[in-house]
Amino acid sequence: MRAVAVALGAFRDAVHYEEDPVEVMNHCAAALQREAAVPGAFDQEALMEGFTTALMAQVLPDEPVVRLVNRGHPPPLVLHQGRVRALEPTCPLLPFGLEDLVTGAPVKAESYPFLPGDRLLLYTDGVIEAHNRDNRFFPLAEAMEGMHATTPQQLLARLHQQLLHHTGGRLADDVAMILLDRIS
């Protein structure tokens, strides 16, 4: 998808110059707007689907928090003392490419507790939209809660196994998961 490639390219450039995740996201949005403004850059169907979700997480080394800017992406999950909590944005933002649909307050990064011993799971929508024969979506939060005292690699491998079991080995969309452990 071209929108994703444009946003990733802008991210890779901006992250070297900007510390503020909001500014990085603004660069990505501006790159998509520039690309869409070029005559013939996107065919009509691509323009209609020329949006993409994005999530940027910034773990601060000196503070027990994670800062998020979420542009319509599934919310990260935090495993804290055996319980999973979704980090839902308090002010939901539209995906990149849909900025013209609303006007509002400037985008701000939101901070959430991320304490030593916590785990933060980032994932694509293909994980939570994977369904079984009964058309039930994969219960990611519940699956994650049932896994304790494992290494990050073991937890991700077990989640992947459960996902494949849930879908009968048939994934219809891309699937990616990243796990961060807060050590100190």
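Undergrad: Just to check I follow, could you spell out helix 1 (residues 2-14) for this structure?
TA: With 13 residues, helix 1 extends 18 Å between its outermost C-alpha atoms, agreeing within 8% with the 18 Å of an ideal straight helix rising 1.5 Å per residue. For helix 1, the full list of buried residues reads Ala3, Val6, Ala7, Ala10 and Ala14. Viewed end-on, helix 1 has its buried residues packed into an arc of 95°, placing them on one side of the element. Looking at the buried residues of helix 1, the elements they touch are helix 2 (21-37).

Undergrad: Mind showing me how you'd approach the sheet that holds strand 3 (residues 77-80) here?
TA: Across a sheet, paired strands are connected by hydrogen bonds in the backbone, their directions being either parallel or antiparallel. On the basis of which strands lie adjacent, the open sheet formed by four strands has the order 4-3-6-7 and antiparallel pairing. For this open sheet the edge positions go to strand 4 (83-86) and strand 7 (177-181), each flanked by a neighbour on one side alone. Ignoring which end each strand starts from, the neighbouring axes of this sheet average 20° apart. Here strand 3 runs beside strand 4; their pairing, made up of four bridges, is antiparallel. If you follow Leu79 over to strand 4, its bridge partner there is Val84. Lying over the sheet, helix 6 (residues 152-167) contacts strand 6 (119-123) and strand 7, oriented at roughly 150° with respect to strand 7.

Undergrad: Honestly, the environment of Leu68 in this entry has me stumped. Any pointers?
TA: You can see Leu68 is positioned in strand 2 (residues 65-71). A sequence separation of 19 residues divides Leu68 from Leu87, and the C-alpha atoms of the two residues are 8.8 Å apart. Beyond its immediate stretch of four places on either side in the chain, Leu68 contacts Leu55, Met56, Ala57, Pro76, Leu87, Lys108, Ala109, Glu110 and Tyr112.

Undergrad: Honestly, the side chain of Asn70 in this entry has me stumped. Any pointers?
TA: Examined against the element boundaries, Asn70 turns out to sit in strand 2. In terms of polar contacts, Asn70 uses its side chain to reach the backbone amide nitrogen of Gly72, at 3.2 Å. A polar contact is formed between the side chain of Asn70 and the backbone nitrogen of His73, at a distance of 2.7 Å.

The rules behind the values
Residues numbered from 1 in each chain as written. Predicted model: local features only at pLDDT ≥ 70, side-chain atom pairs only at ≥ 80, totals over all residues. Heavy atoms only, no water. Helix = DSSP H or I, 4+ residues; strand = E, 2+ residues; numbered from the N terminus. Expected span 1.5 Å × (residues − 1). Buried < 20%, exposed > 50% of the residue type's maximum accessible area, 1.4 Å probe, protein only. Arc of directions from axis to C-beta. Contact = heavy atoms within 4.5 Å. Pairing = 2+ DSSP bridges. Axes fitted to C-alpha atoms, helices over the stretch in contact; angles between N-to-C directions. Polar contact = N/O pair within 3.5 Å; in protein donor to acceptor, adjacent residues only side chain to side chain.

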